[in-house]
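Observations on the three-dimensional arrangement
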Amino acid sequence: MWRYAVRRLLWIIPVLLGVSLVTFLLMHAVPGGPWDQEKPLAPQVVQNLNRRYGLDRPIWQQYGMFLARALRGDLGVSYSYQDRGVTQIILSGLPITASLGALAFAFAVVAGLGLGMAAAIKQNTPVDYLSVLFATSFASIPGFVLGIFLLILFSATLHWLPTGGWGSWKQLVMPVLALGALPAAYTARITRASMLEVLNQDYVRTARAKGLPEVAIQYRHVLKNALIPVLTVLGPYLAFLVTGSFIVESLFSVPGVGRLFVQGVFARDYGLIMGSVLFYAAAIALLNLAVDLLYAVVDPRIKYA
Amino acid sequence: MEVNSQTGGRGRPDAEGGARRPRRSLGQLAVQRLLGNRLALVGGVVVLAFVVLAVLAPVIAPYDPAKQNYLALNEAPSRAHLFGTDNLGRDIFSRLVYGARTSVSVGVITQLIILGIGLPVGAIAALAGRRTDNLLMRLVDVVYAFPDLLLIILLRSIFGGSIYMIFLAIGLAGWSDMARLVRGQVLSLKEREYVLAAVALGAGGREVLGRHLLPNAIGPVVVAVTFGVPRAIFAEAALSYIGVGVRPPTPSWGTMIQDGTLVISAYPHEVVSPALAIALLMLAFTFLGDGLRDALDPRSARAAR
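Let us look at the structure shown here. (Residues numbered from 1 in each chain as written. Chains lettered and ligands numbered in written order. Predicted model: local features only at pLDDT ≥ 70, side-chain atom pairs only at ≥ 80, totals over all residues. Heavy atoms only, no water.)

1. Regarding the interface of chain A and chain B
Contacts between the two partners involve 47 residues from chain A, matched on the other side by 46 residues from chain B. Taking both partners together, chain A and chain B bury about 3,800 Å²; carbon and sulfur atoms supply 81% of that area. A per-residue breakdown of the area chain A buries against chain B is headed by Leu26(A), Ser140(A) and Phe144(A), which together make up 13% of the total. Across the pair Arg189(A) and Asp290(B) runs a salt bridge whose closest N-O atoms are separated by 2.8 Å. Mapped by element, the contributors of at least two residues to the side of chain A that touches chain B are helix H1 (2-29), helix H5 (126-138), helix H6 (143-157), helix H7 (169-199), helix H9 (214-242), helix H10 (246-251), helix H11 (257-266) and helix H12 (270-298) of chain A. Here the element with the most residues in the side of chain A that touches chain B is H1(A); it accounts for nine residues. Grouping the constituent residues of the side of chain A that touches chain B by class yields 35 nonpolar, eight polar and four charged. (Contact = heavy atoms within 4.5 Å. Buried area = accessible area lost by both parts, 1.4 Å probe. Salt bridge = Lys/Arg side-chain N within 4 Å of Asp/Glu carboxyl O. Helix = DSSP H or I, 4+ residues; strand = E, 2+ residues; numbered from the N terminus. Nonpolar A, V, L, I, M, F, W, Y, C, P; charged D, E, K, R; others polar.)

2. Things to note about the nonpolar core
One finds Val19(A), Phe144(A), Phe246(A), Ile153(B) and Trp253(B) to be the most contacted residues of the largest nonpolar core, which totals 138 residues. Sort the elements by how many residues they give to this core and helix H11 (residues 205-242) of chain B lands first, with 15 residues. Excluding anything up to four places from it in sequence, Ile153(B) contacts Phe246(A), Phe261(A), Val265(A), Ile273(A), Leu239(B), Ile242(B) and Val244(B). Counting 11 residues, the second-largest nonpolar core is a separate cluster that includes Ala120(A), Leu196(A), Val204(A) and Leu223(A). (Core = buried A, V, L, I, M, F, W, Y, C linked by side-chain atoms within 4.5 Å. Buried < 20%, exposed > 50% of the residue type's maximum accessible area, 1.4 Å probe, protein only.)

3. Notes on the pattern of salt bridges
Using the criterion set out here, one finds 11 salt bridges over all chains in the structure. For Glu214(A), the salt bridge is made with Arg208(A), and the minimal N-O distance between the two is 2.9 Å. Among the ionic pairs, Asp133(B) bridges to Arg183(B), the shortest N-O distance being 2.7 Å. Taken as a pair, Asp133(B) in helix H7 (residues 130-145) and Arg183(B) in helix H9 (residues 163-190) lie far apart in primary sequence, 50 residues in all. Its relative accessible area of 12% is what places Asp133(B) among the buried residues.

4. Describing the side chain of Ser131(A)
Residues and elements named next belong to chain A. As for its placement among the helices and strands, serine 131 is situated in helix H5. Here the side chain of serine 131 touches aspartate 128 through a polar contact of 3.1 Å, landing on its backbone oxygen. With residues near it in sequence (within four places) discarded, serine 131 still touches Leu115 and Ala119. (Polar contact = N/O pair within 3.5 Å; in protein donor to acceptor, adjacent residues only side chain to side chain.)

5. What about the packing of aromatic side chains?
If you walk through the whole model with that rule in mind, you get 10 aromatic pairs over all chains. One cation-aromatic arrangement involves Arg180(B) over Tyr144(B); the distance from NZ or CZ to the ring centre is 4.0 Å. (Phe/Tyr/Trp six-rings, centres within 6.5 Å; stacked < 30°, edge-to-face > 60°. Lys NZ or Arg CZ within 6 Å of the ring centre and 35° of its normal.)

6. Considering a nonpolar patch on the surface
Residues and elements named next belong to chain B. A surface patch of nonpolar side chains, amounting to about 530 Å² of accessible area, comprises Leu48, Val51, Val52, Val55, Leu56 and Val59. Considering each element in turn, the nonpolar patch owes the most residues, four residues, to helix H4 (residues 38-55). Inspection of the secondary structure assignment puts valine 55 in helix H4. (Patch = residues over 30% accessible without salt bridge, like charges linked within 9 Å, V, L, I, M, F, W, Y side chains within 5 Å. Areas by Shrake-Rupley, 256 points an atom, 1.4 Å probe, with all protein chains shown as cover.)

Have a look at this one:
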């Protein structure tokens, strides 16, 4: 297990190197430079700026400099936010994005497990049909489309919730629902299928036959075994949600990493795009590794060699 | 699903249908099963309807989608304007119809690009083995590590704003899943008894590939494409929504949503119709994809019960 973890961790390094190299080369293929403005700068100024930021050196040296800085946690300069570097920009939005994602994840777990379990226990009743209906419809509707319907319902029509912003719980409701509904629906689907499969197992019949109370059967025998496939579905969503959705953040004007990023894209801030790509790739790789290792803790049958 | 792939792979008799089934009827059987699945059928019809809408857009749309009419700004739905008009007085129904054209072509063309890269890369990696496999799969790892939408935005800023370049960017960011899927399929099929038997009987590489490997690998690929189309459509809509996708005046559901959210409190109808169109198409593709998966792989149908 430990050897597996270390190997996976080490493997992330070349992958990220690849990602950074591809990003770096792509950025250099972008037409135009950072000093292009409506009014052209004097050639001497451009030359000085290039020297100041090392842009006059050979491209492999520039890549080396970029890597060396990135290793020290400096993801480079942003061209649209001139007072802050890319690292500071990401760090300033990260707590908001991560807490929004964590709430959405919690919602997905609670709602998804609840619905899935209810559906499986009450199979072929209206409860089951309703939750299956919910699961199939919301599993395919993207968060930002759902967000629009929420906006129309709760803000434009009922005037219950503000259209966006960050700070009060009222501003949290819609983005959490928009982000969490899709994973919740998937979780409900898998939970139901997995519970039904476990309910048909011999050991459940044995438990019933020896007269265990239904609650004990459901909890000790069914739920624990049914949860494993659910985890494999929920795991990847952790990375997906904690890193956030810049579309949903833009829709609800949440000042997270995503929205800062969108503003950067709009301003053609290549430095910010490049830093964000690297940051996100690293965060997703590490989170997914953590989730994979968690499986082995939860399910003793899984052994990583 | 997950559980099934662990327990069901070899243990369940694959021969169940194989013995009875006459040759070349796998496709017919799948079509039969698909037609028997009502939800999948509905999904297929809706998808088809959108395709017809896209192809016949000039015939169906009552107005020029780009024509602005300052005497009819933000009009509510009426007989003259079925879904009302937007903030520039453009007919929303006509824009939706032409937007379907953008969405459908995004869906189809990106999947062709993904197939065009992913299929050969996956197949070559699986068949060539060893060093080639290693090299190609490490490349896939790097592409896979990129967050999808960020890579698309990055590629887009290099390729420029033409709509074809958006197709290319979405395709180039999305082929790694396909390559992995095809490689896994070919690797597992390669070891099956009937392939070994064909090789033992002296079948050449081309015959084995064309006769045995590809036809049997095609099912999961078709399913992946069916789920890939809505993902690409969503990516385009999301990009257009944040303003880096399809450029005006080309109508796109994403840009319509962007325009509509600006006036969401006063004129919610402007954002409802494009959001509904996206949701409907996504739902239709999910039903169709689920149905296809069940039809092409009877084992997964049993697990989902």
